[in-house]
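The primary structure of each chain is shown beneath.
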Amino acid sequence: MTQWENDSIIAMALTHFPALVIFSFLVSVVFGVLGKEAPRERLVYAAKVFGAFVGTALVLGWLMYFIPR
Amino acid sequence: MAGKVVQEDTANAKPKAAASHPPIITLVRLCVAAWLVPGLGHLMLGRKWRALILFATIGVMFVLGLAMQGQFFSTSSGSYLQTLGYYGELCVGLAMPGARFFGYSGGDTFFVSSDFGTAYLVAAGMLNVLAVLDCYDIAMGRKS
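Since we're looking at a predicted model, the values are computed, not measured. Within every chain, residues take consecutive numbers counted from 1 along the sequence as written. Labels are handed out in written order, letters beginning with A for the chains and numbers beginning with 1 for the ligands. Per-residue local features are limited, in this predicted model, to residues with pLDDT of at least 70; the limit for side-chain atom pairs, both in listing and counting, is 80 or more; totals at the level of whole chains, interfaces and linings are taken over all residues.

Student: Hey, could you run me through the overall build of chain B in this one?
Tutor: Secondary structure elements follow DSSP: runs of H or I of four or more residues count as helices, runs of E of two or more count as strands, with numbering from the N terminus. A count of helical and extended segments in chain B gives 7 helices and 0 strands. Along its sequence from the N terminus, chain B presents helices and strands in the succession α-α-α-α-α-α-α. Residues with at least 20 neighbouring C-beta atoms inside 10 Å of their own are called buried, those with 12 or fewer are called exposed, and the rest are partly exposed, where every C-beta is derived from the backbone. Across the 144 residues of chain B, 33% fall into the buried class. Relative to all contacts within chain B whose residues are 6 or more apart in sequence, the contacts with residues 24 or more apart total 71%. By the convention adopted here, residues are in contact when the distance between their C-beta atoms, placed from the backbone, does not exceed 7 Å.

Structure, rendered in structure tokens:
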């Protein structure tokens, strides 16, 4: 067990949704920067990718909710 | 007639395009720099803002992966998926050996957010691969 693992400030516990939102945000920023040239196009593309990430996850999550275990 | 003109144009265009490419050593240096530090390749090409955004975004993603006790894979397990994961995480460059140097032992798989953390670490590597490819395209004149 290293000092790193003992340090409770560094260890960060996230629930599913915040982890999803942060992940989607960071990935969509990179996709926007790399995928388009003009600043406005980048913003729109990044917003679309972010929406697609979060929306797809929510839809799939609700679909799975109705599937019996 | 028109076919001849097109043929002549393409014949003339090939040497011009080849001449405009940077030397192979420059391309290799650029791609290695872009791999080692996210955004460094773009910085060398003069794309300062893009470099800053890539560095910040990929860096934050990697650090969040570490904070969530994401797992560092190894090649010694014999599992193909773990080996793929190892190379995926290695794609982020110096950050992985850097984290090991500063005492990160490779994550705690029993920690509640460890799976998310591992996904963040691998995704940071994959995003850096996209950044390296973008850097290569800019150097080759395919993108601005």
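Now that the structure has been shown, we can carry on.
Student: Help me understand the packing of helix α5 (residues 80-90) of chain B against helix α7 (residues 114-139) of chain B, please; the structure alone is not making it clear to me.
Tutor: When two helices pack together, their arrangement is given by the angle between the helix axes and the distance between those axes. All names here are of chain B. Under this scheme, a helix contributes an axis fitted over its contacting stretch, all axes are lines through C-alpha atoms, and angles between N-to-C directions fall in the 0 to 180 degree range. Their axes nearest at 7 Å, the elements α5 and α7 cross at an angle of 60°. Viewed along their axes, α5 and α7 adopt a mutual orientation that is oblique. α7 is crossed by α5, and the crossing has left-handed handedness. Contacts from Gly-85, Gly-88, Glu-89 and Leu-90 in α5 reach Leu-121, Val-122, Gly-125 and Met-126 in α7. When an angle is under 35 degrees it counts as roughly parallel; over 145 it counts as roughly antiparallel; between 65 and 115 it counts as roughly perpendicular; any other value is oblique. With the far helix as reference, a near helix turned anticlockwise by less than a right angle produces a left-handed crossing, and one turned clockwise produces a right-handed crossing.

Student: Teacher, can you tell me more about helix α4 (residues 48-67) of chain B here?
Tutor: Because an α-helix completes one turn every 3.6 residues, residues spaced three or four positions apart along the sequence face the same direction. Take the residue count of a helix, subtract one, and multiply by 1.5 Å to get its expected span. A rise of 1.5 Å per residue sets the reference length of α4(B), with its 20 residues, at 28 Å; its end C-alpha atoms lie 28 Å apart and thus fit the reference within 8%. Looking at α4(B), one finds that the buried residues are B:Arg50, B:Ala51, B:Ile53, B:Leu54, B:Thr57, B:Ile58, B:Met61, B:Phe62, B:Leu64, B:Gly65 and B:Leu66. On the buried face of α4(B), the contacting elements are α2 (16-35) of chain A together with α3 (40-44), α6 (95-101) and α7 of chain B. Downstream of α4(B) by a residue or two, B:Gln69 has a phi angle that is positive, lying close to 60°.

Student: Explain the environment of B:Met140 here, please?
Tutor: With respect to the helices, strands and loops of the structure, B:Met140 is situated in the segment after α7. With 117 residues separating them in the primary sequence, B:Met140 and B:Pro23 have C-alpha atoms 9.9 Å apart.

Student: Would you explain the interface of chain B and chain A in this entry?
Tutor: In many reports, interface size means the accessible area that the parts give up when they come together. Counting from both sides, the interface comprises 25 residues of chain B and, opposite them, 19 residues of chain A. Take the side of chain B that touches chain A: its biggest share by element is 8 residues, from α4(B). Gly is put with the polar residues, along with every residue not named as nonpolar or charged; the nonpolar set is Ala, Val, Leu, Ile, Met, Phe, Trp, Tyr, Cys and Pro, and the charged set is Asp, Glu, Lys and Arg. Looking at the side of chain B that touches chain A, its residues break down into 16 nonpolar, 6 polar and 3 charged.

Student: Mind showing me how you'd approach the environment of B:Val112 here?
Tutor: Residues and elements named next belong to chain B. As for its position among the elements, Val-112 is in the loop between α6 and α7. Taking the number of C-beta atoms within 10 Å as the measure of exposure, Val-112 has 15 and is therefore partly exposed. C-alpha of Val-112 to C-alpha of Met-68: the two residues are 44 residues apart in sequence and 8.2 Å apart in space.

Student: I tried to follow the nonpolar core on my own but got confused; where do I start?
Tutor: Grouped burial of nonpolar side chains is what soluble globular proteins tend to show. Here, a nonpolar core means buried Ala, Val, Leu, Ile, Met, Phe, Trp, Tyr and Cys residues linked by C-beta atoms lying within 7 Å of one another. Within the largest apolar cluster, 36 residues are counted, with the highest numbers of intra-cluster contacts made by A:Val30, B:Met61, B:Phe62, B:Tyr120, B:Ala123, B:Ala124 and B:Leu127. Within the residue set of this core, elements represented by two or more residues are α2 of chain A together with α2 (24-36), α4, α6 and α7 of chain B. Top element by residues in this core is α7(B). It accounts for 10 residues. Those residues within four positions of B:Tyr120 in sequence are excluded, and the remaining contacts are A:Phe23, B:Met61, B:Leu64, B:Gly65, B:Met68 and B:Gly70.

Student: Explain the packing of α2(A) against helix α3 (residues 39-66) of chain A here, please?
Tutor: Residue and element names in this part refer to chain A. It is at 8 Å that the axes of α2 and α3 come closest, and there the two elements cross at 150°. Handedness of the crossing formed by α2 with α3: right-handed. Note on element contacts: α3 touches α2 through Arg-42, Leu-43, Tyr-45, Ala-46, Val-49, Phe-50, Phe-53, Val-54 and Ala-57, opposite Leu-20, Val-21, Ser-24, Phe-25, Val-27, Ser-28, Val-29, Phe-31, Gly-32, Val-33 and Gly-35. Its residues assigned to classes, the contact of α2 with α3 shows 15 nonpolar, 4 polar and 1 charged.

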